[in-house]
Amino acid sequence: QILSLLSDYKVTGRDSLVFLVDASKEMFVKGEDGQPSNFDLSMQVVRSVYTSKIISSHRDLMALVFYGTEQSKNPSNSFKHVYVYHNLDEPGAKRVQEVDALQGEKGARLMEKTMGSGETSLGDALWCCANLYSDIKLRLSFKRLMIFTCRDEPHGGDTAKDRQARTKASDLKETGVFIDLMHLMKPGGFDVSTFFCDIISPDSEGELGLQLEPCGKLEDLKKRVRAKEQKKRAMSRLNLSLGEGLNLAVGIYAMAVPAKIPGSVKLYRETNKQVHSKPQTFDTQTGRLLLPSEIKKAQVYGKKQIVMERDEVDSIKKFEDPGLYLIGFKPIKMLKIHHHIRPAVFIYPEENMVKGSSCLFSALLTKCSEKDVFALCRCILRRNCPPRFAALVPQKEELDEGKVQITAPGFHLIYLPYADDIRTLDPPQFPSASQIPVDKMKQIVSKLRFKYRSDAFENPAIQKHFRNLEALALDMMAPEDVEDLIMPKVDQINQRLGPLAEEFKDLVYPANYNPESKPTTKRGDEKKARVEVSEEELRAHVQNGTLGKLTVPVLKEACKKMGFRTTGTKKQELIDALIHFQFYL
């Protein structure tokens, strides 16, 4: 009964995004002090999203459509003043190059030559975008349309065109398309309430709040687009059982996912297409291909081999159906730092699965926050996964000065350790430092403290990898330089510390200490001391037949000491040489 709505809830498929860009003359007006035009800002954002999609999720579909053009280019040319520059398809290097050609002075001239600026009919543009979605035969899990414009009244007060645009926007929303507005700067300000408040989807307002102020900087526009371009996907959707017959549905979301360099892909040499491996099992005696039904699993118990079917193995691994089962409540102060053994996840109600989940979830969150307690649950994330204990720590909603949500209301699910996960260590004892160098080091630490932000540092290895791929795909002469932001800023550190580093070195290290100097003991002397063996020890090894316990460097040194000339480097050859000339010993 709880999962009856899952069949109607689409959680699989590809994401899709359509950029609907205004091509009117107002978009090409340069900003103050040589700032780029609104059209250039839009194209830079489109290029940024193209390249990020190629890296992160290249199977997503994207399109670029211009409206308010003089020329028309769309399926069957049934919509005037609408130019489909890119159809809804996977992004690639060619599309990135075509977007680059539209930027700057040359791009403005190319736009004027190929498309031009004409009348505007946003209703026809939305209708054309709807046809782009209807022509796609693939399953789409998320559909979004972003409008880039600097005109708050695109039709100049034409009520008929305004009514048509509102109707087409309503039709798009009914088909599951989310419409967002990325409005840009204009003289006199951009008034969202005049027209576009009826065009954009109300769901987008619930995510990040309706941005009333237009974007005038590239970074602000990129930030808004990145925040909305990708649907927040749930890792899984589970039932949270609060008691007998009292259930609600929640979605589990990852708070942070580490970025990794993608693994290598095997390609067929003749066609340069990806090769997919298919494992097959053969009989070792006859070489016959085995069917899945002929493969059994077995385990030895009491010197007898017990053969089990695949269904029996699956039933042995299964503890219970996936879900969260409430055990009780504990004060938050009982949750310690060392209980955090793996990254936590975030849970949020899923109203589409079970009606009333949001209301019950909000009541539970409010009471846990008021009483300063966490919910202790038994957690089974997926089928055939072992159960774990988890703590649901409440988090209240936080808003900034502009009433935009900073932190979402929900629970952080923290996996609790078992007794076997915690071990007792006996740390080695070291002499304690005196108070004077400790105080000096405290001063050094306070001078070098700074507020760490993960978004301020990029992984140089990943950045270099994708810069090289980008240069290869776009036929660039050389990749863009990558700034290594994790390298220490030596000049700034020295300026902050001043004489503190030298004072600490004088307190702790001996006089004339140079940390960059090489150690006095030579590596060659140490190596020679390790391979030397006395004549008595060598004689004892020969007599006892234990020469095999010596290493090759020791045996070579022994042969050299006895005056034997050996050309072999294998251990057995050196042993045979010593045994053959053992009468010298």
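Residues numbered from 1 in each chain as written. Predicted model: local features only at pLDDT ≥ 70, side-chain atom pairs only at ≥ 80, totals over all residues. Heavy atoms only, no water.

Convention followed: UniProt positions are given in the numbering used here, feature names are shortened, and annotations may be inferred rather than shown by experiment.
Naming follows an unreviewed UniProt entry, where the protein chain appears as DNA helicase of Takifugu rubripes. The UniProt entry for the protein chain carries the following comment under Sequence similarities (unreviewed entry): "Belongs to the ku70 family."

**What about unusual backbone geometry?**
Cut-off, in case you're wondering: Secondary structure counts use DSSP, requiring at least four H or I residues in a row for a helix and at least two E residues in a row for a strand, with both numbered from the N terminus.
A positive phi angle is found at His-81, which is not glycine, with a value near 65°. Within the element layout of this structure, His-81 appears in the loop between β2 (61-67) and β3 (82-89). Here Asn-272, not a glycine, exhibits a phi torsion of approximately 60°, which is positive. Mapped onto the fold, Asn-272 is located in the loop between β7 (246-254) and β8 (297-301).

**A few points about the packing of aromatic side chains**
Put simply, the test is: Stacked, tilted and edge-to-face are the three classes applied to pairs of Phe, Tyr and Trp rings, where Trp contributes its six-membered ring and a pair requires centres within 6.5 Å; stacked means planes under 30 degrees apart, edge-to-face means over 60, and tilted covers the rest. Partly exposed describes any residue whose relative accessible area lies between the buried limit of under 20% and the exposed limit of over 50%, with all areas from a 1.4 Å probe on protein chains only and scaled to the type maximum. Consider the ring centre and the ring normal. A charge sits over the ring if Lys NZ or Arg CZ is within 6 Å of that centre and within 35 degrees of that normal.
What the rule picks out here adds up to 12 aromatic pairs. An angle of 55° between the planes, with centres 5.5 Å apart, marks the rings of Phe-79 and Trp-127 as tilted. Here Phe-79 is found in the loop between β2 and β3, whereas its partner Trp-127 is found in helix α4 (residues 122-134), with 48 residues between them in sequence. We classify Phe-79 as buried; its relative accessible area is 7%. The side chain of Lys-143 reaches across the aromatic face of Tyr-133, ending 5.8 Å from its centre.

**What about empty space enclosed by the protein?**
Using the following cut-off: Only protein atoms enter the 1 Å grid used here. Points where a 1.4 Å probe fits but cannot escape make up a cavity, open sets with protein on both sides within 12 Å along at least five of seven lines make up a pocket, and a residue lines them when an atom lies within 4 Å of a point. Grid points are joined across faces, edges and corners, and a volume is the space filled by probe spheres set on the points.
For the structure shown, the criterion picks out 2 cavities of 30 Å³ or more. Estimated volume of the second largest cavity: approximately 40 Å³.

**Side note on helix α15 (residues 535-544)**
Put simply, the test is: Relevant arc is that of directions from the helix axis to the C-beta atoms, nothing else.
Those residues of α15 lying buried are Leu-538, His-541 and Val-542. Axial view of α15: buried residues confined to an arc of 100°, hence all on one face. Of the residues in α15, the exposed ones pointing more than 90 degrees away from the buried face are Glu-536, Gln-543 and Asn-544.

**Things to note about the environment of Ala-130**
With respect to the helices and strands, the residue Ala-130 is situated in helix α4. Put simply, Ala-130 and Thr-175 are 45 residues apart on the chain and 8.9 Å apart in space, counted from C-alpha to C-alpha.

**Points about the sheet that holds β7**
Worth spelling out the cut-off: Note on pairing: DSSP must find at least two bridges between two strands before they are called paired. Under this scheme, a helix contributes an axis fitted over its contacting stretch, all axes are lines through C-alpha atoms, and angles between N-to-C directions fall in the 0 to 180 degree range.
The sheet built from 7 strands closes into a barrel, its strands ordered β6-β7-β11-β16-β13-β12-β10 with mixed pairing. With strand direction ignored, the average angle separating the axes of adjacent strands in the sheet is 40°. Where β7 lies against strand β11 (residues 345-349), 5 bridges are found, and the strand directions are antiparallel. Note that in β11 the partner of Ala-254 across the bridge is Val-345.

**Some thoughts on the pattern of salt bridges**
For clarity, the threshold we go by: Salt bridge, as used here: a side-chain nitrogen of Lys or Arg that lies within 4 Å of a carboxyl oxygen of Asp or Glu.
Applying the stated rule across the entire model yields 17 salt bridges. Across the pair Glu-370 and Lys-367 runs a salt bridge, and its minimum N-O distance is 3.6 Å. Remark: Lys-367 and Glu-370 occur in helix α9 (residues 357-371); sequence separation between them is 3 residues, near one turn of the helix. On the accessibility criterion, Glu-370 (55% relative accessible area) is exposed. Owing to a relative accessible area of 47%, Lys-367 belongs among the partly exposed residues under this scheme. Here Lys-440 ties to Glu-503 by a salt bridge, and the two come within 2.7 Å at their closest N and O atoms. Pair noted here: Lys-440 is in helix α10 (residues 435-447) and Glu-503 is in helix α13 (residues 500-508), with a separation of 63 residues, a long-range link.

**Structural notes on helix α11 (residues 460-473)**
Stated precisely, the cut-off is as follows: What a helix is expected to span follows from its residue count: subtract one and scale by 1.5 Å. Should any heavy atoms of two residues lie within 4.5 Å, those residues are counted as being in contact. Throughout this description, a polar contact denotes any pair of N or O atoms lying within 3.5 Å of each other; where both atoms belong to protein, one of them has to be capable of donating a hydrogen while the other can accept it, and for residues adjacent in sequence the pair is counted only when both atoms sit in side chains.
The first and last C-alpha atoms of α11 sit 20 Å apart over 14 residues, in line with the 20 Å expected at 1.5 Å per residue. Taken together, the buried positions of α11 are Ile-462, Gln-463, Phe-466, Glu-470 and Ala-471. The buried side chains of α11 occupy one side of the element, clustering within an arc of 165° when seen end-on. Within α11, the exposed residues directed more than 90 degrees away from the buried face are Lys-464 and Leu-472. On its buried side, α11 packs onto α1 (38-56). Its side-chain oxygen 3.0 Å from the backbone nitrogen of Ala-461, Asn-459 forms the N-cap of α11. Positive backbone phi, at 55°, marks Asp-475, one or two positions downstream of α11.

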